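Notes for the structure review
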Amino acid sequence: MTDNEPPAPAASPALVLDGVRKRYGDKQAVDGISLTVERGEFFGVLGPNGAGKTTLVEIMEGLRRADAGSVSVLGSSPWPRNLALLPRMGVQTQTSAFFTRLTAREHLATVAALYGSDPAGVARTLALVGLSEQRNVRVDVLSGGQRQRLAIASALVHGPELIFLDEPTAALDPQARRALWQVLRALKSEGRTIVYTTHHLDEAEALCDRVAIIVAGRVVALDSPDRLVGAAQAPTRLLVPAGRLTVERARAFAGADRVTAEGGSVVIETRSAGPLLAALGADVGLDGIRTRTATLEDVYLELTGELAGTEQHA
Ligand SMILES: Nc1ncnc2c1ncn2[C@@H]1O[C@H](COP(=O)(O)OP(=O)(O)OP(=O)(O)O)[C@@H](O)[C@H]1O
């Protein structure tokens, strides 16, 4: 396979984990995780700080050994260190692991050389992440966002089938973030598999085919963002400009489950948005009323909040 060719479809899934556990001292960081990621999937790993995401992903990458359970990556075991897998995987490096005295192009050429991959991939990858203009700028002079993009480029330069990205948009401004989404969608359309750790729920919702929500080392939800949102039956929020309706009056409407005042609006949570909107329309008019349907963030907050609460009281 050359760098330009998408990976050939293959029979085995990209990742299969079965009953994976990892303990540090008396901390059970990963507590029996089983999941499968299909080839070509964009798979999100979500969860609060300390949930075990990094440990789990490091086990997938072959950087850590699981205490128990089995792990299969592109049809092989990643542990003990499986050198044959390395060129087939792309791992986003931490920006602290850069060759800081080199230029962006030299850095990436060095990474490509370490993988033994085609040097032609360097210019293409710099263009892909929007760093062509900075190719001759030294790494230590790049901005935080540019370094972040170089870190992503380092995971892509050798054309891997399976790509692990850990909070790739953390240091990016909104425009650069959206630009990166395009890059990631392009990678997916080439048939590559992406495992994506993020705290940005909007990003997971926009990009991921499926997400696993991890709390205290366990998978507490695993499905497509749409199905998770649908199954949760989280309320819709209707935002009425504050001058038009008081909190007290809003509470009197049938179907208004919860009413609060937030940032210049009266916010009504409801599970019967249609009838309530009709009633509001007849009373105060629909002009300026905004509707916010449930998002993955609502589902996430409910799941992680509930479970954290249970833990504290256990
Ligand atoms: N090398 C280590 N030695 C001891 N404990 C560790 C080690 N690495 C992680 N832990 C602990 O294991 C738990 C899971 O950590 P992990 O870094 O995998 O979580 P995370 O979900 O990636 O968190 P974050 O979102 O903050 O990166 C945490 O309680 C963490 O303190």
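Residues numbered from 1 in each chain as written. Predicted model: local features only at pLDDT ≥ 70, side-chain atom pairs only at ≥ 80, totals over all residues.

With respect to the packing of helix 2 (residues 104-115) against helix 3 (residues 120-128)
For any two helices packed against each other, the geometry comes down to the angle between their axes and how far apart the axes lie. It is at 9 Å that the axes of helix 2 and helix 3 come closest, and there the two elements cross at 125°. Relative to helix 3, the element helix 2 is oriented oblique. Crossing of helix 2 against helix 3: the hand is right-handed. Along the contact surface, helix 2 presents Ala104, Arg105, Leu108, Ala109 and Ala112, while helix 3 presents Gly121, Val122, Thr125 and Leu126. Tallied by class, the residues present in the contact of helix 2 with helix 3 amount to six nonpolar, two polar and one charged. (Axes fitted to C-alpha atoms, helices over the stretch in contact; angles between N-to-C directions. Helix = DSSP H or I, 4+ residues; strand = E, 2+ residues; numbered from the N terminus. Parallel < 35°, antiparallel > 145°, perpendicular 65-115°, else oblique. Left-handed = near helix turned anticlockwise from the far one by under 90°. Contact = placed C-beta atoms within 7 Å. Nonpolar A, V, L, I, M, F, W, Y, C, P; charged D, E, K, R; others polar.)

Points about unusual backbone geometry
Residue Pro80 is bonded to the preceding Trp79 through a cis peptide linkage, with omega at -5°. Here Leu74, not a glycine, exhibits a phi torsion of approximately 50°, which is positive. Tracing the backbone shows Leu74 in the loop between strand 4 (68-73) and strand 5 (89-91). A positive phi angle is found at Glu167, which is not glycine, with a value near 50°. Inspection of the secondary structure assignment puts Glu167 in the loop between strand 6 (162-166) and helix 5 (174-189). Judged by C-beta crowding, with 16 C-beta atoms within 10 Å, Glu167 ranks as partly exposed. (Buried ≥ 20, exposed ≤ 12 C-beta atoms within 10 Å, placed from the backbone.)

Regarding the sheet that holds strand 2 (residues 27-37)
If you trace the three strands from one edge of the open sheet to the other, you get 2-1-4, paired in antiparallel fashion. Strands with a single pairing partner mark the edges of an open sheet, and in this sheet they are strand 2 and strand 4. The sheet shows a mean angle of 25° between the axes of neighbouring strands, taken without regard to direction. Relative to strand 4, strand 1 (residues 15-24) runs antiparallel, the two being bridged by five bridges. Bridging across to strand 4, Leu17 finds its partner in Val71. (Pairing = 2+ DSSP bridges.)

Considering the pairing of strand 7 (residues 193-197)
The buried fraction of strand 7 is high, at five of five residues. Burial along strand 7 is two-sided: the face carrying Thr193, Val195 and Thr197 and the face carrying Ile194 and Tyr196 are both buried. Summarising the sheet, strand 3 (residues 42-46) and strand 7 pair through four bridges and their orientation is parallel. Among the inter-strand pairings, Val45 is bridged to a residue of strand 7, identified as Thr197. In this structure, strand 6 lies alongside strand 7, joined through five bridges in parallel fashion. Of the residues in strand 7, the one forming a bridge with Phe164 is Val195.

Some thoughts on the environment of Thr304
Looking at the element boundaries, Thr304 is found in helix 10 (residues 296-313). Residue Thr304 is classed as buried on the basis of its 20 C-beta neighbours within 10 Å. The spatial distance from the C-alpha of Thr304 to the C-alpha of Arg249 is 33 Å, given a sequence separation of 55 residues. Not counting the four nearest positions on each side in its chain, Thr304 is found in contact with Pro48 and Val215.

Some points on the domain arrangement of the chain
As far as domains go, the chain holds domain 1 (15-229) and domain 2 (235-293). Look at where the C-alpha atoms of domain 1 and domain 2 centre, and you get two points 41 Å apart. (Domains from an automatic or database assignment.)

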